[in-house]
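# Fold and contact review
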Amino acid sequence: MRLELQRERKPQEEGASPVNLVNKEKDINILFETLRNKISDIVRSSFQPSFNKELLEYAAHIIKEEKEKQVEPGAMPGWRESWRDAVQDGVRDTLKNLTLDTHKQNDCSFEVHLELLGKAVVDDLERVETELLSLYPKNFNVLETYVTCYHEAVEEHLKKLLENMTELKDYKVLLDFTIQRFPSLFRAHSDQEDKAAPIIQEDLLNKIKSSYCQCQKDDFKSELENIIRCEKDVWKLKKTPDKTENGFLTSNIHTNICQLITSYVGNLKEIDEDLGKLFILVCLEELNPFLARFEEVFSQSTCFLLTSDLLDICLWIQYHITYINSFNSLKEHVQCYKESCSAQVETLNKQVDQLNQRLSQTLIKHFQTDVKPLMDEMMTKKWLKTDEDFNEVVSRIYNISGLCKTMRAPAAQVFANDIHYYVAREYISKLMKKKYKCKKSKNEEAAIKIREQWNELKKLFQEMGSSLDWLYPLGEYLSDIIKMENYKNIKELLTPLVNDYPDISKKHLLAVLYFRGSVFGGLNFRNESVLNPFTVLKRDVGDPHLGRVFFSDIE
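Residues numbered from 1 in each chain as written. Predicted model: local features only at pLDDT ≥ 70, side-chain atom pairs only at ≥ 80, totals over all residues. Heavy atoms only, no water.

Per an unreviewed UniProt entry, the recorded name for the protein chain is Exocyst complex component 3 isoform X2, and the organism is Danio rerio.

Structure representation (C-alpha cells):
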C-alpha cells in the first residue's frame, strides 16, 4: 500500500484521485500506528520473565527497517523514539509493580524497600545484557538506553519517596542509598571505558540533603527540649546535683549535648563528609536559642526553692553552680570545631559567657540581699558594742565560700572576686555614711575592731580564692588614721592610702575624719592641715580613674 501510494503521488501518474490518495494515506497511517503500538507492547512485555524472544527480535527488525525508510515519502517518523518510550514505560511499570507495592507492606522497612529497588535495577540490567542485547541490531545502543531509562525512573521513584518521608532514619537510609548505592547500580553496565557510573541529578541530591538536614535539625531541637524536661524533673524532685572526682558540681547536660552532636555528625560523615561539617554549624547555631530557652525555664522552675527552708536555698545555689560548670564544659568541648566553624564557636562562647555571668550575678544578688541588712549595722553604736551582725556576715561568707569550692575555674575566681569586692565596698561605705562618730577614746576601740574584722574578712576571702589582694591593706590604712592620737600626724598616713587607692576623694577622707570623732567635719583649720597635703598627693598621682576603682563606687 505504501509503494502503491508512492506511485500514485508521482506527477506523471495520471488518473489518480486526490481523495483516494488522502484516504489511502490515512489507512496507511492507521496501520502503521497499530503496528507501532503492537511493537511497543512487545517491548514492554520483554520485562516479563517469560517473553517471546522471536517477537522481540522481529519487532526490533521492523523498527530498524522503518528507521531506514524515514527519508522516503509517506514514511512515519519516530520509530526509535517510540521504542525508547516503550522501554521507559516498561522500566516504570517494573519499579512500580515491584518496589512501590513492597514498600507498602507493613513488614517491609524502608531500608529493605531500597534494597529491593537496587536489586531490581541490577537484575534487570544484567538480564538486558544476557538476554535482550543479542536480539537487537548493534546500532540500537540497547544497554545505554536501558541504563538511562532506569536512571531516570529511579530518580522519579526517589522523588516520590522523599515527598512522603517523615522519619530521620529513613532520610539517612535514602541519603546513603543516593550517594553510596545509586552509582553502583549502573557502574557495571556503563558503556564507557572508564566505567564511570551515572550520578543522581544535583538538584535532587541537594533536596535530599536539605530535607535530611532539616529533619535532623528538628530532631536535635526535640532532643534539646527533652534535656530541659529531664532537668525540670531534677528540680521538681529536689535531687542533689552530682559531683566530679574533683568535687565540682556537674550535670549531664553538656555530656548529652556533645554526644548528640558527635552522633549526628558521625552518621553524616559516613555518607558525606562535607555534609557532616555543615551540620556541625547547624548544631552550634541551634545551641544559642537552647541556652535562652534553658535559662527561662530554669528561672521559672526553681524560684519556688527560695520560698522554702535553708536547705532548699542551698540547693537553689547548687543548681546555679552546677549549670555554670556544665555550660563551661560545653564551651570547652566545642573548641574542637573552631577551625571549621570559627564564627559559630565564637558566638556560642559569647552566649555561654553571658549566660554564666547572669547565673553568677543571680547568686551574687541573692547574697547581697541576704547580707545587706547586716552590713547596714556596721560602723554604728550597736556594731561597736557587739559582734553579732558581723558574725552573721562571716557565717554567710563562709557558707558561700564552701559552695564556691564546687565551682570550676575560671568562673569560681570571678565569683569570689565579686563577693569580695561587694563585702569590702559595703563595709567601708558605712564609714562614709556618718551614722556614727567616736567619742572620747572610742576611736581607738573602733580602730582595733576594724582591723580585727578586716583581717578576718581577709582570711575568708583568701581561702575563698579571691585575687583582689590590693584590697587587703585598706582596712589597716583606715584603722591607723582612726586611732592616730595626734591629729597632725594623720597627714603622714595619707601617702600609701592615696597611692594604693587614687580614687579616694576629699569627701571620703572627711567622712573618715568624722567617724574618728576629733572634728565635726566641714572645712576648718584642723581639717585643712590634713586636706592640704591630701590635695598635693592627689595631684601627684594624676588621673585617679586610670588606676583601680574602689571609692568611686561609694556614694
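## What about the overall build of the protein chain?
Within the protein chain, the regular secondary structure consists of 20 helices and 2 strands. In the protein chain, which comprises 555 residues, the proportion classed as buried is 46%. In the protein chain, the share of contacts with a sequence separation of at least 24, taken over all contacts with a separation of at least 6, comes to 76%. Total accessible area on the protein chain is roughly 28700 Å²; 49% of this is exposed by carbon and sulfur atoms. (Helix = DSSP H or I, 4+ residues; strand = E, 2+ residues; numbered from the N terminus. Buried < 20%, exposed > 50% of the residue type's maximum accessible area, 1.4 Å probe, protein only. Contact = heavy atoms within 4.5 Å. Areas by Shrake-Rupley, 256 points an atom, 1.4 Å probe, with all protein chains shown as cover.)

## Side note on the packing of helix H6 (residues 142-163) against helix H7 (residues 168-187)
One way to put it is that H6 packs onto H7 with a least axis distance of 12 Å and a crossing angle of 180 degrees. Comparing the axis directions of H6 and H7 gives the class roughly antiparallel. Note on element contacts: H7 touches H6 through Tyr171, Leu174, Phe177, Thr178, Phe182 and Phe186, opposite Val147, Tyr150, His151, Val154, Glu155, Leu158 and Leu162. Partitioned by chemical class, the residues of the contact of H6 with H7 number 10 nonpolar, 2 polar and 1 charged. (Axes fitted to C-alpha atoms, helices over the stretch in contact; angles between N-to-C directions. Parallel < 35°, antiparallel > 145°, perpendicular 65-115°, else oblique. Nonpolar A, V, L, I, M, F, W, Y, C, P; charged D, E, K, R; others polar.)

## Some points on the nonpolar core
If you look at soluble globular proteins, the nonpolar side chains tend to sit buried side by side. Ranked by size, the top nonpolar core spans 172 residues in total, and within it Leu158 and Tyr427 carry the most contacts. Looking at which element gives the most residues to this core, the answer is helix H15 (residues 411-432), with 13 residues. What Leu158 contacts, discounting residues up to four positions off in sequence, is Leu114, Leu117, Leu174, Phe177, Thr178, Phe182, Ile200 and Leu204. (Core = buried A, V, L, I, M, F, W, Y, C linked by side-chain atoms within 4.5 Å.)

## Digging into the environment of Arg36
For Arg36, the position within the fold is in helix H2 (residues 18-45). Of the residues examined, Arg36 reaches a relative accessible area of 13% and is grouped as buried. Considered as a pair, Arg36 and Trp79 are 43 residues apart in the sequence and their alpha carbons are 7.5 Å apart. With near-sequence residues (within four places) excluded, Arg36 lies in contact with Met76, Pro77, Gly78, Trp79 and Ser82.

## Topic: the pattern of salt bridges
Per the stated rule, a full pass over the model turns up 26 salt bridges. Each of the salt bridges in this network shares a partner with another, and the network as a whole consists of Asp41, Arg44, Asp89, Arg92 and Glu156. (Salt bridge = Lys/Arg side-chain N within 4 Å of Asp/Glu carboxyl O.)

## So, the packing of aromatic side chains
Taken as a whole and judged by the stated rule, the model has 26 aromatic pairs. Ring geometry for Tyr501 and Phe551: centres 6.3 Å apart, planes at 80 degrees, overall edge-to-face. One end of the pair, Tyr501, is in the loop between helix H18 (494-500) and helix H19 (506-516); the other, Phe551, is in the segment after helix H20 (525-541), with 50 residues separating them in the sequence. Comparing Tyr501 with Phe551, the two get one shared label, buried. Linked through ring pairs, Trp235, Phe290, Phe294, Phe298, Tyr323 and Phe327 together constitute an aromatic cluster. If you follow Arg36 out to its NZ or CZ, it ends over the ring of Trp79, 4.8 Å from the centre. The side chain of Lys434 reaches across the aromatic face of Tyr514, ending 5.6 Å from its centre. (Phe/Tyr/Trp six-rings, centres within 6.5 Å; stacked < 30°, edge-to-face > 60°. Lys NZ or Arg CZ within 6 Å of the ring centre and 35° of its normal.)

## Quick look at unusual backbone geometry
Pro410 follows Ala409 through a cis peptide bond whose omega is 5 degrees. Summarising the element assignment, Pro410 is placed in the loop between helix H14 (388-404) and H15. One non-glycine residue, Asn141, adopts positive backbone phi at about 50 degrees. In this structure, Lys238 is a non-glycine residue whose phi angle is positive, near 55 degrees.

## What about the confidence of the model for the protein chain?
Caution applies to low-pLDDT parts of the model: their predicted coordinates are not meant to be read in detail. Across the protein chain, the average pLDDT comes to 85, with 87% of residues at or above 70. Mean pLDDT in the protein chain bottoms out at helix H1 (residues 2-8), which sits at 51, and peaks at strand S2 (residues 249-250), which reaches 96. For residues 192-197, every residue scores under 50 in pLDDT, and the model assigns this stretch 7 contacts once sequence neighbours within four places are set aside. (pLDDT = per-residue confidence, 0-100.)

## Topic: the environment of Lys381
Along the chain, Lys381 turns up in helix H13 (residues 381-385). A relative accessible area of 53% places Lys381 in the exposed class. In sequence terms Lys381 and Lys437 are 56 residues apart; their C-alpha atoms lie 8.7 Å from each other.

## Section: the side chain of Ser329
Mapped onto the elements, Ser329 comes out in helix H11 (residues 310-333). Leave out the neighbours within four places in its chain, and Ser329 touches His254 and Arg408.

## Some remarks on a negative patch on the surface
A contiguous patch of negative charge, built from Glu111, Glu115, Asp176 and Glu270, is present on the exposed surface. With respect to the element layout, Asp176 can be found in helix H7. For Asp176, a relative accessible area of 33% puts it in the partly exposed group. (Patch = residues over 30% accessible without salt bridge, like charges linked within 9 Å, V, L, I, M, F, W, Y side chains within 5 Å. Lys, Arg positive; Asp, Glu negative; His and termini not counted. Charge placed at Lys NZ, Arg CZ, Asp CG, Glu CD.)

## Side note on the environment of Cys314
Mapped onto the secondary structure, Cys314 falls in helix H11. What makes Cys314 partly exposed here is its relative accessible area of 30%. Sequence-wise, Cys314 and Leu403 are 89 residues apart; in three dimensions their C-alpha atoms are separated by 8.6 Å.

## A few points about the side chain of Thr322
Turning to its location among the elements, Thr322 is positioned in helix H11. In this view, Thr322 contacts Pro241, Leu249, Thr250 and Ser251; residues no more than four positions away in its chain are not counted.

## Remarks on helix H12 (residues 342-375)
For H12, built from 34 residues, the straight-helix expectation of 50 Å at 1.5 Å per residue is met to within 8% by its first-to-last C-alpha distance of 46 Å. The principal kink in H12, of about 30 degrees, is found at Thr369, preceding the proline Pro373 by one to four residues. (Expected span 1.5 Å × (residues − 1). Bend = angle between axes of the 7 residues up to and from the residue.)

## A few points about the state of the cysteines
Enumeration according to the criterion identifies 0 disulfides in this entry. Residue Cys213 stays outside any disulfide, its sulfur separated by 9.4 Å from that of Cys283, the closest cysteine. Since its relative accessible area comes to 11%, Cys213 is described here as buried. (Disulfide = S-S within 2.5 Å.)

## Some thoughts on the packing of helix H8 (residues 202-236) against helix H9 (residues 253-271)
One way to put it is that H8 packs onto H9 with a least axis distance of 11 Å and a crossing angle of 165 degrees. When the interaxial angle is binned, H8 and H9 end up roughly antiparallel. In this structure, H8 crosses over H9, and the sense of that crossing is right-handed. Together, Tyr212, Gln216, Asp219, Phe220, Glu223, Leu224, Ile227 and Glu231 of H8 and Ile253, Asn256, Ile257, Leu260, Ile261, Tyr264, Asn267 and Leu268 of H9 make up the contact between the two elements. Residue composition of the contact of H8 with H9, grouped by class: 10 nonpolar, 3 polar and 3 charged. (Left-handed = near helix turned anticlockwise from the far one by under 90°.)

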